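Results of the structural survey
Below are the chains, spelled out letter by letter.
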Amino acid sequence: MGTLSLPRKVSVLGSTGSIGVSTLDLFEQAQVEVDVVALTAGRNVARLAEQALRWRPALAVLEDESGLPELRERLKGSGIETAAGARAVSDAAAADAQWVMSAIVGFAGLAPTLAAARAGAVIALANKESLVCAGPSLLRTAKLAGGAVVPVDSEHSAIFQVLDPAIADSVSRLILTSSGGPFRDATPDEMAAATPERALAHPNFSMGAKISIDSATMMNKGLEVIEAAYLFSMPPDRIEVLVHPQQIIHSLVEYADGSTLAQLGPPDMRPPIACAFAWPDRLPWPAPKLDLVTAGPLTFQNPDSSRFPALAIAKQALVTGGEAPAAMNAANERAVAAFLDRRIGFLDIPRVVAETLERMDRSSELSSRDGDAVERARGTDAAARRVADAVVSGLCAA
Ligand code: NAD
Ligand code: MG
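A separate point is the overall build of the protein. Along the backbone of the protein there are 17 helices and eleven strands. For 398 residues, the compact-globule formula gives about 21 Å, and the C-alpha radius of gyration of the protein, at 21 Å, lands near that figure. Counting every position in the protein, which comprises 398 residues, the buried fraction comes to 54%. Across the protein, contacts joining residues at least 24 apart in sequence account for 67% of those joining residues at least 6 apart. A gap of 3 Å separates the mean positions of the 36 positive and 46 negative side-chain charges of the protein.

Below, the structure written as structure tokens:
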């Protein structure tokens, strides 16, 4: 085997989450030699401290400032610098790593991801919300600074691996596959009565709570359609979704000549993380390999748009453009939080998102915003959160 040119200085944003833990596990299993510049987390002090003692980053940062004294205490004498607050997370993202895993969940990931982009790092992007809210700006920033954005989301990693940019004009369709989530075969009544516990039980993966609920509503696939449109400069009408319960085929690219290329693998996030880490090389590690004989039959069906309205809402937001995707994302984050707090029902989640977008459209709040793309996304995010919270309160009062 030839010598791989792998990044040496790395940071992991959101290191204590599902993707963050998988990233560090991959480093461990592949026995790569990395110098960890920064590890950052939201509020899980114990896990961040444990990871810091194992990986010896220069910096360990918590978003939640109230956890800083405990973090300091746990890392006393280690020589690891500690900090806390949203600003400190972004500063850590901009520290001198060559490769940055962006795995914070939600809009909170945008500022740190942009900071890493401005610093010219290669960004392994799991935080799809940052692309949805400020995709073109994030991609331009990374490019101008001499870095790149490499997708980690398994569908986009699949497309990234089989789409040859030199012949992107010859692509007729991108086909994103979806597990269909825990309610793939549920009745509308079952969905209406769904508890957070039931909605959090994803069939193939253990993921963070927010993306698990997004998978259950299929808003996750809606966000991914927008993500694909930006990443691969593809018009909305050439992006389709196909339900594939086994999650073996991670997505497909159809070319104009009738040839379709797919990427396959076991349902595991470490291979796409490995791909984003070693790209354009391939990282050798003891990966669980795909066995098509034991994988069983692969099946496919069209998504059910009546039970999963979030898909059409997201496609419409993409077509509307401007601030609509950022508003949709914010409304969804608030609706998911309200569902997890048992304030609204499962089927209310897409209702809150649709109603928020309608109200903002009526009051022209989707079009009349000043500032650069990121300031606009921030303003839209804050405005959409207020409107979505009002819609949620209305539903609770009803
Ligand atoms: P998670 O909830 O397990 O982890 C989120 C991480 O972000 C944690 O480290 C948490 O401490 C940190 N965090 C939370 N709020 C924060 C804040 N305000 N500021 C700073 N840090 C904060 O989520 P996850 O499942 O690992 O997903 C992370 C991202 O990756 C999401 O955008 C998700 O859509 C995307 N993604 C996840 C998967 C998966 O399999 N889990 C697959 C594809 C894409
Ligand atoms: Mg995905």
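Moving on: the layout of surface pockets. Considered as a void within the structure, the second largest pocket measures approximately 670 Å³ in volume. Lining the second largest pocket are 23 residues, with Val149, Phe160, Pro165, Leu231 and Phe232 positioned closest to its centre. A breakdown of the residues in the lining of the second largest pocket according to their chemical character gives 16 nonpolar, three polar and four charged. The two domains that each donate at least three residues to the lining of the second largest pocket are domain 1 (9-152) and domain 2 (161-266 + 290-319).

What follows concerns the site of ligand 1. Not every one of the 22 residues close to ligand 1 is listed here, only the nearest: Thr16, Ser18, Gly42, Glu129 and Gly208. One of the backbone nitrogen or oxygen atoms of glycine 14 is found 3.2 Å away from an oxygen atom of ligand 1. In the model, an oxygen atom of ligand 1 is placed 2.9 Å from a nitrogen or oxygen of the isoleucine 19 main chain. Bound to the protein, ligand 1 loses 86% of the 830 Å² it would expose on its own.

Attention shifts here to the pattern of salt bridges. If you walk through the whole model with that rule in mind, you get 27 salt bridges. Lysine 128 is the salt-bridge partner of glutamate 224, the closest N and O atoms lying 2.9 Å from each other. Taken together, the positions of glutamate 224 in helix 11 (residues 219-231) and lysine 128 in helix 6 (residues 128-144) put the pair 96 residues apart, joining distant regions of the chain. Taken as a pair, glutamate 224 and lysine 128 share a single burial class, namely buried. Among the ionic pairs, arginine 334 bridges to aspartate 389, the shortest N-O distance being 2.8 Å. Here aspartate 389 lies in helix 17 (residues 373-397) and arginine 334 lies in helix 15 (residues 324-340), a separation of 55 residues in the sequence. Among the residues examined, arginine 334 registers a relative accessible area of 29% and is labelled partly exposed. On the basis of relative accessible area, aspartate 389 is assigned to the partly exposed category, the value being 29%.

This part takes up the sheet that holds strand 10 (residues 249-255). Two orientations exist for strands paired in a sheet by backbone hydrogen bonds: parallel and antiparallel. With mixed pairing, the four strands of this open sheet are ordered in space as 9-8-10-11. Edge positions in the sheet fall to strand 9 (239-243) and strand 11 (260-264), since each has one partner strand and no second. With strand direction ignored, the average angle separating the axes of adjacent strands in the sheet is 20 degrees. Strand contacts of helix 7 (residues 154-162): strand 8 (171-178), strand 10 and strand 11, with the helix running at about 40 degrees to strand 10, the strand carrying the most contacts.

The next thing to look at is the confidence of the model for the protein. Put simply, the protein has an average pLDDT of 96, and 99% of its residues get 70 or more. Averaged over each element, pLDDT in the protein is lowest for helix 13 (residues 292-295) (93) and highest for strand 1 (residues 9-13) (99).

Along strand 3 (residues 59-62), one buried face is formed by Leu59 and Val61 and the opposite face, lined by Ala60 and Leu62, is buried too. Where strand 3 lies against strand 4 (residues 81-84), four bridges are found, and the strand directions are parallel. Paired with alanine 60 across the strands is threonine 82, a residue of strand 4. Note that the unit made of strand 3, helix 3 (residues 68-74) and strand 4 has a crossover that is right-handed.

Definitions and limits used
Residues numbered from 1 in each chain as written. Chains lettered and ligands numbered in written order. Predicted model: local features only at pLDDT ≥ 70, side-chain atom pairs only at ≥ 80, totals over all residues. Heavy atoms only, no water. Helix = DSSP H or I, 4+ residues; strand = E, 2+ residues; numbered from the N terminus. Rg over C-alpha atoms; globule rule 2.2 N^0.38 Å. Buried < 20%, exposed > 50% of the residue type's maximum accessible area, 1.4 Å probe, protein only. Contact = heavy atoms within 4.5 Å. Lys, Arg positive; Asp, Glu negative; His and termini not counted. Charge placed at Lys NZ, Arg CZ, Asp CG, Glu CD. 1 Å grid on protein atoms, 1.4 Å probe; cavity = no way out; pocket = protein on both sides within 12 Å on 5 of 7 lines; lining within 4 Å. Points joined across faces, edges and corners; volume = space filled by probe spheres on them. Nonpolar A, V, L, I, M, F, W, Y, C, P; charged D, E, K, R; others polar. Domains from an automatic or database assignment. Near = heavy atom within 4 Å. Polar contact = N/O pair within 3.5 Å; in protein donor to acceptor, adjacent residues only side chain to side chain. Areas by Shrake-Rupley, 256 points an atom, 1.4 Å probe, with all protein chains shown as cover. Salt bridge = Lys/Arg side-chain N within 4 Å of Asp/Glu carboxyl O. Pairing = 2+ DSSP bridges. Axes fitted to C-alpha atoms, helices over the stretch in contact; angles between N-to-C directions. pLDDT = per-residue confidence, 0-100. Right-handed = clockwise from strand over helix to strand, strands pointing away.

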